[in-house]
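Structure assessment
Residue-level listing of the chains:
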There are 2 protein chains.
Amino acid sequence: MYDLIIIGAGPAGITATIYAARKKLNFLVIAKNIGGQAALSADVENYTGYQYITGLELAKKFEEHMKEFKMEVKEGEEVVGVEKIDGTIKVKTDRGAYESKTLIIATGARSRTLDVPGEKEFKNRGVTYCATCDAPLFANMDVAVIGGGNSALDATLQLIKIANKIYLININPSFRGDDVMIEKVEKSDKVVTLYNTKTLEILGDKMVTGIRLEKEGQQKILDVRGVFIEIGYVANSDLVANLVELNRRGEVVVDEHCKTNVPGIFAAGDVSNVPYKQIIVAAGEGAKAALSAYEYLSRLRWPA
Amino acid sequence: MYDLIIIGAGPAGITATIYAARKKLNFLVIAKNIGGQAALSADVENYTGYQYITGLELAKKFEEHMKEFKMEVKEGEEVVGVEKIDGTIKVKTDRGAYESKTLIIATGARSRTLDVPGEKEFKNRGVTYCATCDAPLFANMDVAVIGGGNSALDATLQLIKIANKIYLININPSFRGDDVMIEKVEKSDKVVTLYNTKTLEILGDKMVTGIRLEKEGQQKILDVRGVFIEIGYVANSDLVANLVELNRRGEVVVDEHCKTNVPGIFAAGDVSNVPYKQIIVAAGEGAKAALSAYEYLSRLRWPA
């Protein structure tokens, strides 16, 4: 019986391991990979303390930090089921079964993808899913933003200050976002908005060079260097959907102590309803979740 | 008129500046010093990405990161008043007056001090205010913990796993903390609890060597290498006490978006009611506060 099982080893999960290790908890980490989405970011310029670092380098530093402490890690092992029976949390993986007093869900989220040709090939080579992270890389360039909600509008507003020209590609006839943001976007002469427009393909050689669109049956190619795909996130919460409360976006609902509605089960980072999918935010939440789990264990009427 | 004023430049304030700069907000930072309490920590081993760094070095890296971006910083300037009049936030300092659409309060907290001789002299030379940060530095040593509440009990429980012997010095005849924690502390043969005991002085030469106590009129000296002062925190919220809602501990009450009860005013880090006074947590909250302020500005009916 472990004190704690942590599922996931992105910024939230890794930070949770560091805090758990320093509290000398008897814990287990189960993670498909170490580094999470952080490792997929091209350039990270907003992780306080590192002025500039690639996502891969930062993820490596996280991993080294984690492995500085002795801990049991099941890397590459996939969780297939989680349940809580008589106060015991049972985690089943593709290779084993483990029991614990507490659990931290830190399984992250993934960007919703367009699923068009070129999208995978040019990821981090012009295709990005995070304007906050990557907008500054496209200074004075022509870019496309794909989406119809607040995150697409927000990406566009960020890019107005940075890029040369922004094509805002909306598959619908209008925006779902806030009026004020829509007005601001419409007011800018840097933005060309295309409605009822479907993205068919992302073009490029080494880097993105353009985007192929379809509007009312007619195809068109635009020359752009960046493609911001802002069609939402999907929390990796399927595993615990029947165990803890999710919000309508599928995120695990937590309070300010990272507690879910089930005692002893915590969640941290992008899988939770914490606002803003940012590395530094997820790391902070991982610390909170581990310290909360530690407090919960301290209060349990089990022997020290 | 600024878009944003940030008061304070500890981990929360600095991270807020990085996010504000990347959003190209027109903002001002006002801070007595740069680095905050982080700079005062002896050794930091739980800031994800840095396996080991001194507080001073980490604070320096934060400052360098901040100064990578162009921003207006009033360093050494002290805020003497903050008010919101007709939607405009007015910040008065000892040298000037500034106006802004939004405000982030990131003024941090300070540990409550004992105010006994030796306390200042041996700070970070055996005297510490953070068990989570510093307990691992006292492996197999004799230490004293001073306090009568959960944080003193928690510090003691952490030290049971690490130190040789822990003297728990409580000025009161009993503990205010949780029963389970008290039981665990009482059960450990590593802990010697002294009730009704006042700490008179912290002794040492280069480092702490002992502590002078008084119990029922009699004085006593204990040989210890570490003194954990766990008598609480004081949020630096005096300036805004008449402006925003504080909780009974004097912390600024914020929601999960770092919003206070006053529109346009946000708080982040140790000054707020966020649990756990940790650098990585404060940094995460600083990012949230800046992104929230940015969203608030995007929704204002002012021109872009």
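Relevant structure appears above.
So, a few notes on the structure that sits alongside this text.

Thresholds, definitions, all that
Residues numbered from 1 in each chain as written. Chains lettered and ligands numbered in written order. Predicted model: local features only at pLDDT ≥ 70, side-chain atom pairs only at ≥ 80, totals over all residues. Heavy atoms only, no water. Least-squares fit on C-alpha atoms with pLDDT ≥ 70 in both. Contact = heavy atoms within 4.5 Å. Pairing = 2+ DSSP bridges. Helix = DSSP H or I, 4+ residues; strand = E, 2+ residues; numbered from the N terminus. Core = buried A, V, L, I, M, F, W, Y, C linked by side-chain atoms within 4.5 Å. Buried < 20%, exposed > 50% of the residue type's maximum accessible area, 1.4 Å probe, protein only. Buried area = accessible area lost by both parts, 1.4 Å probe. Salt bridge = Lys/Arg side-chain N within 4 Å of Asp/Glu carboxyl O. Polar contact = N/O pair within 3.5 Å; in protein donor to acceptor, adjacent residues only side chain to side chain. Disulfide = S-S within 2.5 Å. Axes fitted to C-alpha atoms, helices over the stretch in contact; angles between N-to-C directions. Parallel < 35°, antiparallel > 145°, perpendicular 65-115°, else oblique. Left-handed = near helix turned anticlockwise from the far one by under 90°. Nonpolar A, V, L, I, M, F, W, Y, C, P; charged D, E, K, R; others polar.

**Comments concerning the relation of the copies chain A and chain B**
One chain copy maps onto the other through a rotation about an axis and a shift parallel to that axis. Between chain A and chain B, which share one sequence, the superposing operator has a rotation angle of 180° and an axial displacement of 0.0 Å; the RMSD is 0.0 Å. What the superposition gives is, in effect, a two-fold axis relating one chain to the other. Relative to the rotation axis, the C-alpha of Gly284 of chain A is the closest in chain A, positioned 2.5 Å from it. Most of the interface of chain A is mirrored in chain B: 100% of its interface residues are interface residues there too.

**Points about the sheet that holds strand S13 (residues 191–194) of chain A**
Residues and elements named next belong to chain A. Ordered by their spatial adjacency, five strands build an open sheet running S10-S17-S11-S12-S13, and the pairing between neighbours is parallel. Across the chains shown, the open sheet's two edge strands, defined by having one partner strand only, are strand S10 (127–128) and S13. Where strand S12 (residues 165–169) lies against S13, four bridges are found, and the strand directions are parallel. The residue of S13 that forms the bridge with Tyr167 is Val192.

**Section: the nonpolar core**
Within the largest apolar cluster, 131 residues are counted, with the highest numbers of intra-cluster contacts made by Phe27, Tyr47, Ile104 and Ile280 of chain A together with Tyr47, Ile104 and Ile280 of chain B. Residue contacts for Ile280 of chain A: discarding those within four places in its chain leaves Asn46, Tyr47 and Thr48 of chain A together with Thr15, Tyr19, Tyr47, Ile280, Ala283, Gly284 and Ala287 of chain B.

**Focus: the interface of chain A and chain B**
On the side of chain B, 63 residues touch chain A, which itself brings 62 residues to the contact. Carbon and sulfur atoms make up 53% of the surface buried where chain A meets chain B, a total of about 5,300 Å² over both sides. Summed over the three residues of chain A that lose the most area to chain B, namely Arg22, Thr48 and Tyr276 of chain A, the buried surface amounts to 15% of that side. Remark: the boundary between chain A and chain B carries four salt bridges. Linking chain A with chain B are 34 residue pairs in polar contact (both at pLDDT 80 or more). Breaking the side of chain A that touches chain B down by element, the ones donating at least two residues are helix H1 (11–22), helix H2 (55–67), helix H3 (131–134), helix H4 (150–160), helix H5 (179–187) and helix H6 (279–299) of chain A. At 14 residues, H6 of chain A tops the list of elements feeding residues into the side of chain A that touches chain B.

**Some remarks on the pattern of salt bridges**
Side-chain pairs of opposite charge can arise where the charged atoms are in close proximity. Residue and element names in this part refer to chain B. Scanning the model with the defined rule gives 25 salt bridges over all chains in all. The salt bridge involving Lys32 is made with Glu78; its shortest N-O contact spans 3.8 Å. Of this pair, Lys32 sits in strand S2 (residues 27–34) while Glu78 sits in the loop between strand S5 (72–75) and strand S6 (79–85), placing them 46 residues apart in sequence. The exposure class of Glu78 is partly exposed, given its relative accessible area of 37%. One salt bridge in this structure joins Lys74 and Glu72, with 4.0 Å as the shortest N-O distance. Residue Lys74 is classed as partly exposed on the basis of its relative accessible area of 23%.

**Brief notes about unusual backbone geometry**
All names here are of chain B. A positive phi angle, close to 50°, is found at Asn196, a residue other than glycine. One can find Asn196 in the loop between strand S13 (191–194) and strand S14 (197–204). Here Asn196 falls in the partly exposed class, since its relative accessible area comes to 34%. A positive phi is found at Glu216, a non-glycine position, where the angle reads about 45°. Mapped onto the elements, Glu216 comes out in the loop between strand S15 (208–215) and strand S16 (218–223). For Glu216, a relative accessible area of 66% corresponds to the exposed category.

**Comments concerning the side chain of Asn170 of chain A**
All names here are of chain A. Along the chain, the position of Asn170 falls in the loop between S12 and H5. Engagement of the side chain of Asn170 in a polar contact is seen with the backbone nitrogen of Asn172, the distance being 2.8 Å. There is a polar contact of 3.0 Å between the side chain of Asn170 and the backbone oxygen of Ser174.

**Digging into the state of the cysteines**
Here the structure, examined in full by the defined rule, presents two disulfides over all chains. A disulfide bridge connects Cys130 of chain A with Cys133 of chain A, and the sulfur atoms are separated by 2.0 Å. Its S-S torsion of about 75° marks the bond between Cys130 of chain A and Cys133 of chain A as right-handed, since a negative value means left-handed. Judged by its relative accessible area of 12%, Cys130 of chain A is buried. For Cys133 of chain A, a relative accessible area of 17% puts it in the buried group. In this structure Cys258 of chain A is not part of a disulfide, and its nearest cysteine sulfur, from Cys258 of chain B, lies 13 Å away.

**Considerations on the packing of H1 of chain A against H2 of chain A**
Two numbers describe a pair of packed helices, the interaxial angle and the distance between the axes. Residue and element names in this part refer to chain A. Close contact between H1 and H2 brings their axes to 9 Å; oriented N to C, the two are set at 25°. Judged by the inter-axis angle, H1 sits roughly parallel to H2. Where H1 crosses over H2, the two elements pack in a sense that is left-handed. Two secondary-structure elements touch here, H1 through Pro11, Ile14, Thr17 and Ile18 and H2 through Phe62, Glu63, His65 and Met66. Along the lines of polarity and charge, the residues of the contact of H1 with H2 split into five nonpolar, two polar and one charged.

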